[in-house]
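Geometric and topological summary
Spelled out from the first residue to the last, the chains are:
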Amino acid sequence: MPQSLPTEPTHFDAEIDTGLNVETDVTVDPQGLSAAAAGTEILLELVDDEGVTIGTAEKLWAHQQPGRLHRAFSVFLFDRQGRLLLQRRALGKYHSPGVWSNTCCGHPYPDEPPFVAAARRTAEELGVAPALLCEAGTVRYDLPDEASGLIEREWNHLFVGLVTAPVEPNPDEVDDFAFVTAQELRELRAERPFSVWFETVFEAALPGIREIAGRDW
């Protein structure tokens, strides 16, 4: 398992409501978690300006200009040493391939609670369930990605927590991963490209991150 910063080069208006509301032990079976996505079309929940569900849309269509506001989640997991687990997105992804980002991010299925989706997707991508997962607020943003021409118009549910088991990433989803300190994160962000949403969700999640990982963050 990587314990330090990688050395290979890579390609790579927010309203914030923060606050830790839930602390829950999480048990997720990493096997067989994609049954809900067995079809060829992946649907997202569309939401209004208050975050209330108003319908569904196909995933890629929702990310094409001008974009449709939809529900999403972002996860920040830390190890026992207070280091943040980052992932580098797989090169085969149509959106933001090969860039570094937070532990996990994605979209709930229609009618799927964001907390459940966050735990499920973390297990699908990284082969490990969070040992603890806490709600850390929401953030809304409209962020165009110049590299892909897509746009992120999301009502994003933030989660912070702990990971204690070995990470076993799915190569179709994750190209690399690393546990980093706050200083190592600053260095990596100065040297490598990150996802277009990383800074926004990281800043929004900071109060919750500090509750989990300490004031160094």
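Let me sum up the structure you'll find in this document. (Residues numbered from 1 in each chain as written. Predicted model: local features only at pLDDT ≥ 70, side-chain atom pairs only at ≥ 80, totals over all residues. Heavy atoms only, no water.)

A few words now on the overall build of the protein. Along the backbone of the protein there are 4 helices and 11 strands. Among the 217 residues that make up the protein, the fraction classed as buried is 52%. As presented, the protein carries roughly 10100 Å² of accessible surface, and 48% of it is formed by carbon and sulfur atoms. (Helix = DSSP H or I, 4+ residues; strand = E, 2+ residues; numbered from the N terminus. Buried < 20%, exposed > 50% of the residue type's maximum accessible area, 1.4 Å probe, protein only. Areas by Shrake-Rupley, 256 points an atom, 1.4 Å probe, with all protein chains shown as cover.)

Here we take up helix α4 (residues 198-213). Helix length check: α4 (16 residues) gives 18 Å between terminal C-alpha atoms against 22 Å at 1.5 Å per residue, more than 12% under. Along α4, the helix axis deviates most sharply at L206, where the bend reaches about 60°; the proline P207 sits within four residues downstream. Buried within α4 are the following residues: F198, T200, V201, F202, A204, A205, L206, G208 and I209. (Expected span 1.5 Å × (residues − 1). Bend = angle between axes of the 7 residues up to and from the residue.)

Turning next to the environment of P110. With respect to the secondary-structure elements, P110 resides in the loop between β8 (104-106) and α2 (114-126). Exposure remark for P110: the relative accessible area of 29% places this residue in the partly exposed category. P110 has contacts with L43, E45 and T56, leaving out every residue within four places of it along the chain. (Contact = heavy atoms within 4.5 Å.)

Here the focus is the pattern of salt bridges. Within this structure, the stated rule accounts for 11 salt bridges. Across the pair D175 and R88 runs a salt bridge, and its minimum N-O distance is 2.6 Å. In this pair, D175 is assigned in strand β11 (residues 174-180) and R88 in strand β6 (residues 84-89), connecting sequence segments 87 residues apart. Using a relative accessible area of 36% as the deciding quantity, one classes D175 as partly exposed. Notably, a salt bridge pairs E124 with R120, separated by 3.2 Å at the nearest N-O pair. Here R120 and E124 lie together in helix α2, a separation of 4 residues that amounts to about one turn. Under the relative-accessibility criterion, E124 is labelled buried at 11%. The network of salt bridges with common partners includes K93, E112, R120, R121, E124, E125 and E173. (Salt bridge = Lys/Arg side-chain N within 4 Å of Asp/Glu carboxyl O.)

On to the packing of aromatic side chains, then. This structure, assessed with the given rule, holds 8 aromatic pairs. Their ring planes at 85° and their centres at 6.5 Å tell us that F177 and F179 sit as a pair that is edge-to-face. Classification of F177 as buried rests on a relative accessible area of 7%. For the pair F202 and W217, a centre-to-centre distance of 6.4 Å together with 65° between the ring planes defines the contact as edge-to-face. Of this pair, F202 sits in helix α4 while W217 sits in the segment after α4, and the two are 15 residues apart along the sequence. We classify F202 as buried; its relative accessible area is 6%. According to the relative accessible area criterion, W217 is buried, its value standing at 8%. (Phe/Tyr/Trp six-rings, centres within 6.5 Å; stacked < 30°, edge-to-face > 60°.)

What follows is about the nonpolar core. Grouped together as the largest cluster of nonpolar side chains are 29 residues, with contacts concentrated most on F76, L84, L86, L185, F202, I209 and W217. Among the elements of the structure, β5 (70-78), β6, β9 (132-145), β10 (150-162), β11, α3 (182-191) and α4 are those that each provide at least two residues to this core. Broken down by element, this core gets its largest block of residues, 7 residues, from α4. The residues touching W217, leaving out its near neighbours within four places in the chain, are F78, G82, L84, V180, T181, A182, L185, F202, L206, I209 and R210. Core analysis: the second largest hydrophobic core is formed by 18 residues, A117, A119, V174 and F177 among them. (Core = buried A, V, L, I, M, F, W, Y, C linked by side-chain atoms within 4.5 Å.)

To continue, consider α2. For α2, with 13 residues, the first-to-last C-alpha span of 18 Å sits near the 18 Å given by 1.5 Å per residue. Of the residues making up α2, those classed as buried are P114, F115, A117, A118, A119, R120, R121, T122, A123, E124, E125 and L126. Where α2 terminates, the next one or two residues include G127, which has phi positive at roughly 70°.

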